[in-house]
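Structural characterization, general
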Amino acid sequence: MTYPTDLPGRPRQGAAGGPATARATCVLAPNPSAMTLEGTNTWILAEPDSDLAVVVDPGPLDEGHLREVIATAEAAGKRVALTLLTHGHADHSDGAARFAELTGTHVRALDPALRLGGEGLGVGDVITTGGLELHVISTPGHTADSLCFHLPADGAVLSGDTVLGRGTTIVAHPDGRLGDYLDSLRRLRALTVEEGVQVVLPGHGPVLDDARGAVEFYLAHRAKRLAQVETAVENGHRTAPEVVAAVYADVDRALWPAAELSVRAQLDYLEEHGLI
């Protein structure tokens, strides 16, 4: 039998929603699927003694969910003052415009197309709404516009889809690039070593209490998959669908279309580095 404490990153048991750290509370969106796990994690962040909150990833355009996020903040004595996006995938961002309308907030994102009413987000920016200290970390790879947010006071990082609470994420070719993704994982590992980050607050799945273990698992997994793809090509599997069938035979076929995106990114990486 495998226990949660034996799994990469030490995922927490129990319901996905609710308080996760002193400053972070999750509201789970009702959009479960093979790709989104239990659903999208919408994060409410606030200093304990502040009446202002920051919301990260409002999630899909689901009126009930968006109003639940607002109600959860208000029940804690907080007013939503700012909305942030980790990246532009619909399960994280489609509700942002409506959420901004409901809360009267600006939406800040790396991609200008996703911003509403204010400035964007840049690498090295620090969010200070309501006294909160939240550092913007560049983590492209899953998508070109992927960001993570470092919450130093809680020793936590909000990882979006760069690191999930269970399983591994895709490199969404052609927007996502494997070389960028590997660099981003190394950047997150440095946060765990140099900045004391211990907790991952992911975009999907449970909170992880061993951030370094989770990131190192991801790096090892990517190295293993890359070697498998290289071997598959050497064995005559030339197209992405052929490589998926050879390398991902143990994976649910419903996930093969997503796996194909990662395989295309891996093939590009191998070609760029002269390995195939």
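Below: a short report on this structure.

1. Focus: the overall build of the chain
When you go through the chain residue by residue, the secondary structure sums to seven helices and 11 strands. Relative to the compact-globule value of 19 Å for 276 residues, the chain shows a C-alpha radius of gyration of 19 Å, a close match. Dimensions of the chain, computed from C-alpha atoms along their principal axes, come out at roughly 60 × 40 × 35 Å. Of all 276 residues assigned to the chain, the portion counted as buried reaches 50%. Long-range contacts, defined here as pairs at least 24 residues apart, represent 62% of the contacts in the chain between residues at least 6 apart. Carbon together with sulfur atoms contributes 50% to the accessible area of the chain, which is approximately 11,900 Å² in total. Across the chain, the mean location of the 21 positive side-chain charges is 2 Å away from that of the 37 negative side-chain charges.

2. A short note on empty space enclosed by the protein
Applying the stated criterion to the full structure yields one cavity of 30 Å³ or more. Taken together, the elements giving at least two residues each to the lining of the largest cavity come down to helix 4 (178-194) and helix 5 (211-234).

3. Concerning the packing of aromatic side chains
In this structure the tally under the stated criterion is one aromatic pair. A ring pair is formed by F217 and Y218, whose centres lie 6.2 Å apart and whose planes are at 75°; its orientation type is edge-to-face. Exposure remark for F217: the relative accessible area of 34% places this residue in the partly exposed category. We classify Y218 as buried; its relative accessible area is 3%.

4. Things to note about the sheet that holds strand 10 (residues 156-160)
Strand-to-strand pairing in sheets goes through backbone hydrogen bonds, with the strands running parallel or antiparallel. One open sheet accounts for five strands, arranged 7-8-9-10-11; its pairing is mixed. Taken across any chain shown, the strands that pair with only one partner, and hence form the sheet edges, are strand 7 (126-127) and strand 11 (199-202). As paired elements, strand 9 (residues 147-151) and strand 10 share three bridges and run antiparallel to each other. Across the sheet, residue F149 finds its bridge partner in strand 10, namely L158.

5. Quick word on the pairing of strand 5 (residues 79-84)
Pairing geometry for strand 4 (residues 52-56) and strand 5, over five bridges, is parallel. Among the inter-strand pairings, A53 is bridged to a residue of strand 5, identified as V80. In terms of handedness, the path from strand 4 via helix 1 (residues 63-75) over to strand 5 forms a crossover that is right-handed. Relative to strand 6 (residues 107-108), strand 5 runs parallel, the two sharing two bridges.

6. Quick word on the packing of helix 6 (residues 240-247) against helix 7 (residues 256-272)
Between helix 6 and helix 7, the shortest axis-to-axis distance is 9 Å and the interhelical angle comes to 110°. What the angle tells us is that helix 6 and helix 7 run roughly perpendicular. When you trace helix 6 past helix 7, the crossing you get is right-handed. Residues A240, P241, V243, V244 and A245 of helix 6 pack against W256, A259, E260, V263, R264 and L267 of helix 7. In the contact of helix 6 with helix 7, the residues fall into nine nonpolar, no polar and two charged.

The rules behind each value
Residues numbered from 1 in each chain as written. Predicted model: local features only at pLDDT ≥ 70, side-chain atom pairs only at ≥ 80, totals over all residues. Heavy atoms only, no water. Helix = DSSP H or I, 4+ residues; strand = E, 2+ residues; numbered from the N terminus. Rg over C-alpha atoms; globule rule 2.2 N^0.38 Å. Buried < 20%, exposed > 50% of the residue type's maximum accessible area, 1.4 Å probe, protein only. Contact = heavy atoms within 4.5 Å. Areas by Shrake-Rupley, 256 points an atom, 1.4 Å probe, with all protein chains shown as cover. Lys, Arg positive; Asp, Glu negative; His and termini not counted. Charge placed at Lys NZ, Arg CZ, Asp CG, Glu CD. 1 Å grid on protein atoms, 1.4 Å probe; cavity = no way out; pocket = protein on both sides within 12 Å on 5 of 7 lines; lining within 4 Å. Points joined across faces, edges and corners; volume = space filled by probe spheres on them. Phe/Tyr/Trp six-rings, centres within 6.5 Å; stacked < 30°, edge-to-face > 60°. Pairing = 2+ DSSP bridges. Right-handed = clockwise from strand over helix to strand, strands pointing away. Axes fitted to C-alpha atoms, helices over the stretch in contact; angles between N-to-C directions. Parallel < 35°, antiparallel > 145°, perpendicular 65-115°, else oblique. Left-handed = near helix turned anticlockwise from the far one by under 90°. Nonpolar A, V, L, I, M, F, W, Y, C, P; charged D, E, K, R; others polar.

Shape descriptors only; they carry no functional weight alone.
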